[in-house]
Amino acid sequence: MTEEDRVVLSIAPPRAAEQQQPHGVIVKDRSGTAALDEAYENGRSALTRLGEQGEALHRAEVVADSNQYVIDKSRGASGEHDLGEAALAEQDAYVNALSEGLEDLRGVGEALGDELADHDDRVPRLQDKMDRLWSTTRQVTRAAGRLTHASAGSTPKLLGHVALRELATRRYLRARGQDVGLSEEVDVLRATCRFALYEKRAHLLGLRSPVSGKYLAITFSGAIECASSRFGGWAEWDLDLSPRGVKGSPLVCLGANWGGGSFCRVHPKDGRLLVGEPVDDHAAANRSAKFEVLFLDDAYKSPDFADQVLLPCKGGGAARPPGSREGFLCPECAFQAHSPDELQDHYARHHA
């Protein structure tokens with residue numbers, strides 16, 4: 001691999017005059033953001049080149065398999081006496097040319113292996129540093145957002161309705177009364193698993209149950225309950241709404257740890273949502289529960305009763321018949337059941 005193929009991620013340090021500022025003031029250093037932008041573009045370029053190299057290696061592998069098949073057949077035929085001298089000479093020339101090409105390809109493969117081995121050492125270190133920077137930046141942004149919101153007194157903004165699915169168990173976070181934990185069923189989304197997501201400022205979120213009208217919050221005893229009638233500091237949460245890859249997002253209870261914030265964990269037996277380790281421990285994020293965020297406003301119908309199973313809308317579903325106020329309407333057709341069980345049975349028979 002040539003020097004042009006190497007990716008150098010460099011972040012310029014702040015200038016000496018800006019390294020120390022009184023009272024913890026954060027100085028806007030444009031060189032840092034410019035370096036991050038450059039590193040991002042270089043990273044994207046590196047991914048593109050690695051993808052192209054991966055495709056080339058795949059094609060080389062296919063060719064190698066094909067040539068191996070040809071060589072194996074040729075080796076079996078070489079023992080036969082009916083091959084002419086011209087055919088044997090042509091076969092030898094082909095094998096010699098193939099050998100030279102394989103030597104060159106093996107050299108490239110070894111060089112690529114050495115380069116990737118070097119990257120294997122650098123990538124985890126870079127990932128750890130980026131995770132730490134990401135976590136610290138969110139903490140600073142949350143602190144600034146709390147001060148701004150307190151001084152401005154702005155009204156929280158409704159971002160939409162969401163469901164949080166825990167990745168390890170594929171169960172949804174649900175609020176049944178004051179009790180907060182994972183649902184009993186796997187991959188079954190009920191109305192009790194649906195939350196209205198509010199935002200005060202960046203990384204200052206609230207989760208309100210549409211069933212009870214209460215917010216998820218931490219109590220004085222340290223328990224997590226759906227019992228707060230106000231979106232106060234004890235009901236503030238942080239959640240990455242754009243999870244990176246398949247890692248999911250940790251759920252942070254900002255009122256825990258004396259206001260410093262703690263990651264949440266799940267009780268291994270009964271699925272209750274519990275306060276975990278403080279966010280100051282960056283490695284604790286990997287040990288905490290991870291949630292996938294699903295926005296429901298465009299994909300699911302609003303529930304008709306408290307514990308209804310929410311089914312994805314397909315083509316918008318069917319409208320409620322004019323004047324219909326009772327019963328439970330199927331989201332796929334005009335069928336109107338008299339009970340939740342009848343609705344589930346109908347859906348399983350005709351639409352599952």
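Residues numbered from 1 in each chain as written. Predicted model: local features only at pLDDT ≥ 70, side-chain atom pairs only at ≥ 80, totals over all residues. Heavy atoms only, no water.

### Some words on the overall build of the protein chain
Looking only at helices and strands, the protein chain has 4 helices and 14 strands in total. Buried residues in the protein chain amount to 29% of all 352 residues. Partitioning the contacts of the protein chain with sequence separation of at least 6, the portion at a separation of at least 24 is 50%. (Helix = DSSP H or I, 4+ residues; strand = E, 2+ residues; numbered from the N terminus. Buried < 20%, exposed > 50% of the residue type's maximum accessible area, 1.4 Å probe, protein only. Contact = heavy atoms within 4.5 Å.)

### Some details on the environment of tyrosine 172
Positionally, tyrosine 172 belongs in strand β2 (residues 171–176). Once the C-alpha coordinates of tyrosine 172 and glutamate 292 are considered, the two residues, 120 residues apart in sequence, prove to be 9.2 Å apart. Apart from residues lying up to four places away in sequence, tyrosine 172 is in contact with Ala163, Leu164, Arg165, Gly181, Leu182, Ser183, Asp187, Val188, Leu189, Cys193 and Leu294.

### What about the pairing of strand β1 (residues 157–166)?
Counting buried residues along β1, 7 of its 10 residues qualify, which places the element largely inside the surrounding structure. Summarising the sheet, β1 and strand β4 (residues 195–201) pair through 5 bridges and their orientation is antiparallel. Looking at β4, one finds that glycine 160 is bridged to leucine 197. Linking two consecutive strands that pair antiparallel, namely β1 and β2, is a turn of 4 residues; a positive phi of about 60° is found at arginine 170 within it. (Pairing = 2+ DSSP bridges.)

### Quick notes on unusual backbone geometry
We note that arginine 170 has phi near 60°; this positive angle belongs to a residue other than glycine. Within the element layout of this structure, arginine 170 appears in the loop between β1 and β2. One non-glycine residue, aspartate 187, lies in the positive phi region at around 60°. Considering the arrangement of structural elements, one finds aspartate 187 in the loop between β3 (179–182) and β4.

### Comments concerning the pattern of salt bridges
Summed over the entire model, instances satisfying the criterion amount to 13 salt bridges. One salt bridge in this structure joins arginine 165 and aspartate 187, with 3.0 Å as the shortest N-O distance. Of the two residues, arginine 165 is situated in strand β1 and aspartate 187 in the loop between β3 and β4; the sequence distance between them amounts to 22 residues. Where arginine 176 meets aspartate 307, a salt bridge forms, and the shortest distance between an N and an O atom there is 3.8 Å. Of this pair, arginine 176 sits in strand β2 while aspartate 307 sits in the loop between β12 (290–295) and β13 (328–329), and the two are 131 residues apart along the sequence. Linked through salt bridges whose partners overlap, the residues forming this network are Arg174, Arg176, Asp179, Glu184, Glu185, Arg190 and Asp307. (Salt bridge = Lys/Arg side-chain N within 4 Å of Asp/Glu carboxyl O.)

### With respect to the nonpolar core
Of all hydrophobic cores here, the largest spans 24 residues; its most connected members are Leu164, Leu173, Leu216, Leu251, Leu273 and Phe291. Those residues in contact with leucine 164 that lie beyond four places of it in its chain are Arg171, Tyr172, Leu173, Leu207, Leu239, Phe291, Glu292 and Val293. Counting residues in hydrophobic clusters, the runner-up holds 8 residues, among them Tyr172, Leu189, Leu294 and Tyr300. (Core = buried A, V, L, I, M, F, W, Y, C linked by side-chain atoms within 4.5 Å.)

### Regarding the packing of aromatic side chains
Enumeration over the complete set of coordinates arrives at 2 aromatic pairs. Considering the side-chain rings of tyrosine 215 and phenylalanine 231, the 5.4 Å spacing of their centres and the 20° angle between planes classify their relative orientation as stacked. With tyrosine 215 in strand β6 (residues 215–218) and phenylalanine 231 in the loop between β7 (224–228) and β8 (237–239), this pair connects stretches of sequence that are 16 residues apart. A relative accessible area of 11% means that phenylalanine 231 is categorised as buried. Over the face of the ring belonging to phenylalanine 231 we find lysine 200, whose NZ or CZ atom lies 4.4 Å from the ring centre. (Phe/Tyr/Trp six-rings, centres within 6.5 Å; stacked < 30°, edge-to-face > 60°. Lys NZ or Arg CZ within 6 Å of the ring centre and 35° of its normal.)

### Re the environment of alanine 163
With respect to the helices and strands, the residue alanine 163 is situated in strand β1. Residue class for alanine 163 comes out buried when judged on its relative accessible area of 0%. With 28 residues separating them along the chain, alanine 163 and alanine 191 place their C-alpha atoms 9.5 Å apart. In contact with alanine 163, not counting residues within four places along its chain, are Tyr172, Leu189, Cys193, Glu292, Val293, Leu294 and Leu296.

### Digging into the side chain of threonine 192
Mapped onto the elements of the fold, threonine 192 is located in the loop between β3 and β4. Of the residues examined, threonine 192 reaches a relative accessible area of 7% and is grouped as buried. Here the side chain of threonine 192 touches aspartate 307 through a polar contact of 3.2 Å, side chain to side chain. Other than its neighbours up to four places away in sequence, threonine 192 contacts Leu173, Arg174, Ala175, Val211, Ala306 and Asp307. (Polar contact = N/O pair within 3.5 Å; in protein donor to acceptor, adjacent residues only side chain to side chain.)

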